[in-house]
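Residue-level listing of the chains:
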Amino acid sequence: MRTRIVLTVVGLALLAGCATAPKQTRNICAVFDQREGLFTSWQRAAERTEKKYGVPVPILMATMYTESGFQPYARPPRTKLFGFIPWTRPSTAYGYSQALDGTWDHYQSQTGNWTARRTNFTDAIDFIGWYHYQNSVETGIPLNDAYNLYLAYYSGPTGYKRGDWRSNGQLQQTAQKFARMAGTYQQQLQGCD
């Protein structure tokens, strides 16, 4: 009986750890250290995605940092009706990658990964790599060009090619912060154990 209680508590602790964001998110080594588990390793998942799609790990992780802050159940905040009544959300973005419903469905269809979930880190990082790769193919953006990859991630390849982002100063500032974070992650990654 005591063994069963201990196993239940350990199991719940493991599940709870999977459902929350890491506490230290501005250091890629700390993020990986915090999510090196018995059943999953964020570092191994990110490295597999880099190998599969050619998108550098720092860009993959900076995308997740920028989009969701590593929150598995992230959604855009609800709009307010009459300034105070919670109303609809501005988009269907959800999960680690903030993928929209239609884009996620397209990813599942193209990859055959029908069981993928936006709240699963391994699935979300694979989506991010796939989507950056697709954008690179469609727009010609190099896979190491963090700034433009983020603009295309946010605007989609069609919006990027149309230049929708040019009139969006806030998006350009976010892309600059994203590129700086990817650079910081790149430097930190070289010193990880």
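Every chain's residues receive numbers from 1 upward, in the order its sequence appears when written. This being a predicted model, a pLDDT of at least 70 is required before a residue's local features are given, and a value of 80 or more before pairs of side-chain atoms are given or counted; all residues contribute to the totals for chains, interfaces and linings. Side-chain numbers here rest on the full set of heavy atoms in the structure, without hydrogens or water.

Per an unreviewed UniProt entry, the recorded name for the protein chain is Transglycosylase SLT domain-containing protein, and the organism is Rhizobium binae.

Colleague: Would you take a moment to explain the confidence of the model for the protein chain for this structure?
Modeller: Interpretation of this model should avoid reading the predicted coordinates in detail wherever pLDDT is low. Every residue carries a pLDDT, the predictor's confidence in it, which falls somewhere between 0 and 100. Taken over all residues, the pLDDT of the protein chain has a mean of 88, while the share at 70 or more is 86%. What counts as a helix is a DSSP run of H or I of at least four residues, what counts as a strand is a run of E of at least two, and both are numbered from the N terminus. Averaged pLDDT values over the elements of the protein chain bottom out at 43 in helix α1 (residues 2-18) and peak at 98 in helix α6 (residues 121-139).

Colleague: Explain the environment of Thr 119 here, please?
Modeller: Structurally, Thr 119 can be placed in the loop between α5 (101-111) and α6. In this view, Thr 119 contacts Pro 72, Tyr 73, Tyr 94 and Tyr 96; residues no more than four positions away in its chain are not counted. Throughout, a contact is declared for two residues whenever any of their heavy atoms are within 4.5 Å.

Colleague: Looking at this structure, how should I read the packing of aromatic side chains?
Modeller: Note on aromatic pairs: the rings of Phe, Tyr and Trp (six-membered ring only in Trp) are paired at centre separations within 6.5 Å, and the planes decide the class, stacked below 30 degrees, edge-to-face beyond 60, tilted for the rest. Under the defined criterion, the tally for this structure stands at 18 aromatic pairs. Grouped by ring-pair contacts, the aromatic residues Trp 42, Tyr 65, Phe 70, Tyr 96, Phe 121 and Tyr 185 constitute a single cluster. Sitting over the face of the ring of Trp 42, Arg 35 holds its NZ or CZ atom 5.5 Å from the ring centroid. By definition here, charges over rings are those cases where NZ of Lys or CZ of Arg is within 6 Å of the ring centre and within 35 degrees of the ring normal.

Colleague: Got a minute to help me understand the state of the cysteines in this structure?
Modeller: Two cysteines, two sulfur atoms, one covalent bond between them: this is a disulfide. Here, two cysteine sulfur atoms that lie within 2.5 Å of each other are counted as a disulfide. Within this structure, the stated rule accounts for one disulfide. Two residues share a disulfide in this structure: Cys 29 and Cys 192, whose sulfurs sit 1.9 Å from each other. With the S-S bond torsion at -95°, the cross-link from Cys 29 to Cys 192 turns out left-handed. Here Cys 192 lies in the segment after α8 (169-189) and Cys 29 lies in helix α2 (residues 28-34), a separation of 163 residues in the sequence. Summary of the burial criterion: residues with accessible area below 20% of their type's maximum are buried, those above 50% are exposed, and those between are partly exposed, where the area comes from a 1.4 Å probe applied to protein chains only. Residue classification places Cys 29 among the buried positions, given a relative accessible area of 14%.

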